[in-house]
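A look at the structure
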Amino acid sequence: MISVSNVSLQYGKRILFDEVNVKFTPGNCYGLIGANGAGKSTFMKILSGEIEPNKGQVSILPGMRMSVLKQNHFEFDEYTVLDTVMMGNKRLYNIMKEKDAIYAKEDFSEADGNKAAELEAEFGEMNGWNAESDAATLLN
Ligand SMILES: Nc1ncnc2c1ncn2[C@@H]1O[C@H](COP(=O)(O)OP(=O)(O)OP(=O)(O)O)[C@@H](O)[C@H]1O
Ligand SMILES: [Mg+2]
């Protein structure tokens, strides 16, 4: 699902990765282990595209989408676990919020109705009605 090809990265004289090749295949769970400062967080940032390696590339299967949960214990305190997972799909989550805001309006105009219809269509195409059960399956 995710392929890492010939990835190299160094900071100054410190070589973190030298020609790394690895394939992550669907259906598996992976854990990344290593000593403090070995480069685990840096590797995750390369996988997610947050930083570019000096050489090599990361590719993801066409039609797949990557979600990343930041290692920040407090960032999602105000959200439920299910919402936190669904927020990984930013576009879908924004559509949900926009829809809720429109439906909560007291003065619901024709333009609001049209906008809501557009959002519902995109929401349906993105399989939005299954998002919550998909998130629950993923957590299981
Ligand atoms: N932007 C940067 N510029 C220079 N050096 C960096 C940079 N980012 C990370 N490093 C160095 O690269 C090495 C790997 O850092 P990284 O944070 O990836 O390690 P880690 O394996 O996640 O460590 P920890 O177990 O402490 O979370 C460290 O020596 C760090 O100081
Ligand atoms: Mg780290």
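Residues numbered from 1 in each chain as written. Chains lettered and ligands numbered in written order. Predicted model: local features only at pLDDT ≥ 70, side-chain atom pairs only at ≥ 80, totals over all residues. Heavy atoms only, no water.

Attention now moves to the packing of helix α3 (residues 90-103) against helix α4 (residues 110-125). Interaxial distance between α3 and α4 falls to 10 Å at its minimum, and their mutual angle equals 150 degrees. The angle between the axes of α3 and α4 places the two elements in the roughly antiparallel class. Crossing angle aside, the handedness with which α3 passes α4 is left-handed. When α3 is examined against α4, the residues R91, L92, I95, M96, E98, K99, I102 and Y103 are found in contact with a partner set consisting of D112, K115, A116, L119, E120, E122 and F123. (Axes fitted to C-alpha atoms, helices over the stretch in contact; angles between N-to-C directions. Helix = DSSP H or I, 4+ residues; strand = E, 2+ residues; numbered from the N terminus. Parallel < 35°, antiparallel > 145°, perpendicular 65-115°, else oblique. Left-handed = near helix turned anticlockwise from the far one by under 90°. Contact = heavy atoms within 4.5 Å.)

Below, the discussion takes up the packing of aromatic side chains. Scanning the entire structure with this criterion turns up four aromatic pairs. A centroid spacing of 5.4 Å and a plane angle of 50 degrees characterise the contact between F17 and F43, whose relative ring orientation is tilted. Taken as a pair, F17 in strand β2 (residues 14-24) and F43 in helix α1 (residues 40-48) lie far apart in primary sequence, 26 residues in all. Grouping residues by exposure puts F17 and F43 together as buried. Summarising the aromatic geometry, the rings of F123 and W129 are spaced 4.9 Å apart at their centres and angled 85 degrees between planes, so their arrangement reads as edge-to-face. For W129, a relative accessible area of 65% puts it in the exposed group. The aromatic ring of F123 is capped on one face by K99, whose charged end is 3.8 Å from the ring centroid. (Phe/Tyr/Trp six-rings, centres within 6.5 Å; stacked < 30°, edge-to-face > 60°. Buried < 20%, exposed > 50% of the residue type's maximum accessible area, 1.4 Å probe, protein only. Lys NZ or Arg CZ within 6 Å of the ring centre and 35° of its normal.)

Let us now look at the domain arrangement of the protein chain. Domain parsing of the protein chain yields domain 1 (2-60) and domain 2 (81-139). Each of domain 1 and domain 2 was reduced to a C-alpha centroid, and the two centroids are 33 Å apart. (Domains from an automatic or database assignment.)

The subject of this paragraph is a nonpolar patch on the surface. Together, M1, I60, L61, M64, M66 and V68 make up an exposed nonpolar region whose accessible area comes to about 500 Å². Structurally, the position occupied by I60 is in strand β3 (residues 55-60). Overall, I60 belongs to the partly exposed group, its relative accessible area being 35%. (Patch = residues over 30% accessible without salt bridge, like charges linked within 9 Å, V, L, I, M, F, W, Y side chains within 5 Å. Areas by Shrake-Rupley, 256 points an atom, 1.4 Å probe, with all protein chains shown as cover. Salt bridge = Lys/Arg side-chain N within 4 Å of Asp/Glu carboxyl O.)

Below, the discussion takes up the pairing of β2. The sheet contact formed by strand β1 (residues 2-11) and β2 spans seven bridges and is antiparallel. What sits directly across from Q10, in β2, is I15. (Pairing = 2+ DSSP bridges.)

Ordered by their spatial adjacency, three strands build an open sheet running β2-β1-β3, and the pairing between neighbours is antiparallel. Only two strands of the sheet have a single neighbouring strand rather than two, namely β2 and β3. Pairs of neighbouring strands in the sheet enclose a mean axial angle of 20 degrees, with direction left out of account. Here β1 runs beside β3; their pairing, made up of five bridges, is antiparallel. Counterpart to V4 in the pairing with β3 is V58.

The topology assignment puts D112 in helix α4. For D112, a relative accessible area of 10% translates into the label buried.

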